[in-house]
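If you want the building blocks of each chain, they are given just below.
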Amino acid sequence: MNAPVRAADLYPELKPVSFEQLAHVPGPPPARMRTLRTLQFLKDPRGAINRLAAHYGPVFRRQDHFGWGVTLLGPEANELVLFNKDRIFSSKLGWDPVLDKLFPNGLMLMDFDHHRMHRKTLSVAFKPAPMKAYLDGLNEGIDRTVSRWPVDQPFKFYPAIKELTLDLAAGSFLGVPWGPEAKEINRAFMNMVLAAVAVVRKPLPFTQMKKGVDGRAFMSAYFAREIPKRRGKTADDIFTQIVNSEDENGKLLTDQEIIDHMNFLMMAAHDTITSSLTSLIYFLAIHPEWQEKLREEVDQVRGRHGAILPYEALSELDLCEMAFKEALRLIPPVPMIPRRALKDFEFQGYRIPAGSGVGVNPMYTHMMPEHWPEPEKFDPYRFTTQVSANRHKYAWVPFGGGAHMCLGLHFAYMQAKAFLFRLLSERQVSVPEGYRADFQMVPIPRPKDGLPVTMKRR
């Protein structure tokens, strides 16, 4: 088995920066207790970013639990950092402080040629032929679960959709139902995600980090047991495809590489789509006129293709896709994206030294009125081809951008469309009159009260 790739081995000359090195950049003074500053930020990240931007502008220094860095705001900053034309920014060093104990050597924690090689190897699992097979499983799983949801009585949507997406991830990613292990799997992944932003970074007894590390051990043991059963086999699930994928040199991935990739991909597929579908249903519930427009589109597609959504009909659900994109704009599943500078660079007249943490902020960019008129308004028509053509291509970045663009974004679109196709054809969704959700934005956005909904049959 391969040992985790250590950042210090890849970039031995790179050192963290000090306040003095960033003193020329506007921003708050050093905090006596940087952990307290981090906790205050995590409590209300949207409000904190808005206040900092209003006071200091689109470039400011910041100090958090991991040290000093800068935040760059706006589409131009997103393009500079995410497109990364000059290979200035390391994704691995950006995410390592948050994820290295939980998702080491996942695709997002790789850089440049190493990342390119692994991404190319994994991409075979997301080509059209296997995607068609995944849709069959999604349709079956969604139908089975949605049919059991309560009718004419309120229930919490977030835990219900979380259970569904876990079941779908098990089917599409592993090709097996979880069965009695479902609760342990769910607990393991939830503990891993929560540990990512835990203040105590060592797995000490009774800490969230310890729960997260234990969750990773549980999942790693599961994957390790399954890999020998999948070698040399043919199946339509992502796990089996990755187990048997060959890199550009004709070599199979090692067991440890597979374990690391599957831990990361399962987390990414499960938690981000749970958050995104929750946001989407929330906005459709408080905007019933849009819910009805999407329902009309679904009914038209059903009229042409029948009650089961075929792969070829996905492209016909244009309005469903636009509504999904608008929900991702308003509540991006990854509100902040970290990197670390490998070289000195300049942005908007400020010289930023190598070693600086560098953050861009989809949550802020997605609400900039110069790019999104009436930014608080839910309006899927923002994503028509005509309107989108005049917008900066990095003004909307819920899936990241550049070489690290989310590998599973088309899977996410497909899952969202399959869910809307089944749900809206048979159910109307509402929330209590006057209700507005309060979303906790980190580590993954979710409604603090679970999102109470009521569903009625059409």
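This text follows the structure it describes.
Everything numeric here is computed off the predicted structure, so don't read it as measured data.

Conventions used here
- Residues numbered from 1 in each chain as written.
- Predicted model: local features only at pLDDT ≥ 70, side-chain atom pairs only at ≥ 80, totals over all residues.
- Heavy atoms only, no water.
- Helix = DSSP H or I, 4+ residues; strand = E, 2+ residues; numbered from the N terminus.
- Rg over C-alpha atoms; globule rule 2.2 N^0.38 Å.
- Buried < 20%, exposed > 50% of the residue type's maximum accessible area, 1.4 Å probe, protein only.
- Contact = heavy atoms within 4.5 Å.
- Areas by Shrake-Rupley, 256 points an atom, 1.4 Å probe, with all protein chains shown as cover.
- Patch = residues over 30% accessible without salt bridge, like charges linked within 9 Å, V, L, I, M, F, W, Y side chains within 5 Å.
- Salt bridge = Lys/Arg side-chain N within 4 Å of Asp/Glu carboxyl O.
- Pairing = 2+ DSSP bridges.
- Axes fitted to C-alpha atoms, helices over the stretch in contact; angles between N-to-C directions.
- Expected span 1.5 Å × (residues − 1).
- Arc of directions from axis to C-beta.

The secondary structure content of the protein amounts to 17 helices and 12 strands. Against the globule reference of 23 Å for 458 residues, the protein gives a C-alpha radius of gyration of 22 Å, in line with a compact fold. C-alpha atoms of the protein, sized along the principal axes, occupy 65 × 55 × 45 Å. Expressed as a percentage of its 458 residues, the buried residues of the protein come to 55%. Long-range pairs, those at least 24 residues apart, make up 73% of the contacts in the protein between residues at least 6 apart in sequence. Counting every atom, the protein has about 20200 Å² of accessible surface; 55% of that belongs to carbon and sulfur.

A word on a nonpolar patch on the surface. A surface patch of nonpolar side chains, amounting to about 290 Å² of accessible area, comprises Met 33, Leu 36 and Leu 39. By the element assignment, Met 33 lies in the loop between α1 (7-10) and α2 (34-43).

Taken together, three strands build an open sheet; the order of strands is β4-β12-β9 and the sheet is antiparallel. Of all strands in the sheet, those with a lone pairing partner are β4 (155-156) and β9 (427-430), marking the two edges. Where β9 lies against strand β12 (residues 452-457), four bridges are found, and the strand directions are antiparallel. Bridged to Ser 430 within β12 is Thr 454. Taken strand by strand, helix α17 (residues 409-426) contacts β9 and β12, and its axis lies near 95° from that of β9.

Before going further, it helps to spend a moment on helix α13 (residues 288-305). Helix length check: α13, at 18 residues, gives a terminal C-alpha distance of 25 Å against a target of 26 Å (1.5 Å per residue), a fit within 8%. Turning to α13, its buried residues are Trp 290, Gln 291, Leu 294, Arg 295, Glu 297, Val 298 and Val 301. Viewed along the axis of α13, the buried residues span an arc of 165°, placing them on a single side of the element. Relative to its buried face, α13 has exposed residues pointing more than 90 degrees away, namely Gly 303 and Arg 304. Tucked into the core, α13 has its buried residues touching α12 (255-286), α14 (318-330), α17 and β9. Count one or two residues on from α13 and you reach Gly 306, which has phi positive near 100°.

This paragraph deals with the environment of Ile 331. Relative to the elements of secondary structure, Ile 331 occurs in the loop between α14 and β5 (337-341). Remark: the alpha-carbon pair of Ile 331 and Met 363, spanning 32 residues in sequence, is separated by 7.0 Å. In contact with Ile 331, other than residues within four places in its own chain, are Ser 279, Phe 283, Phe 439, Met 441 and Pro 445.

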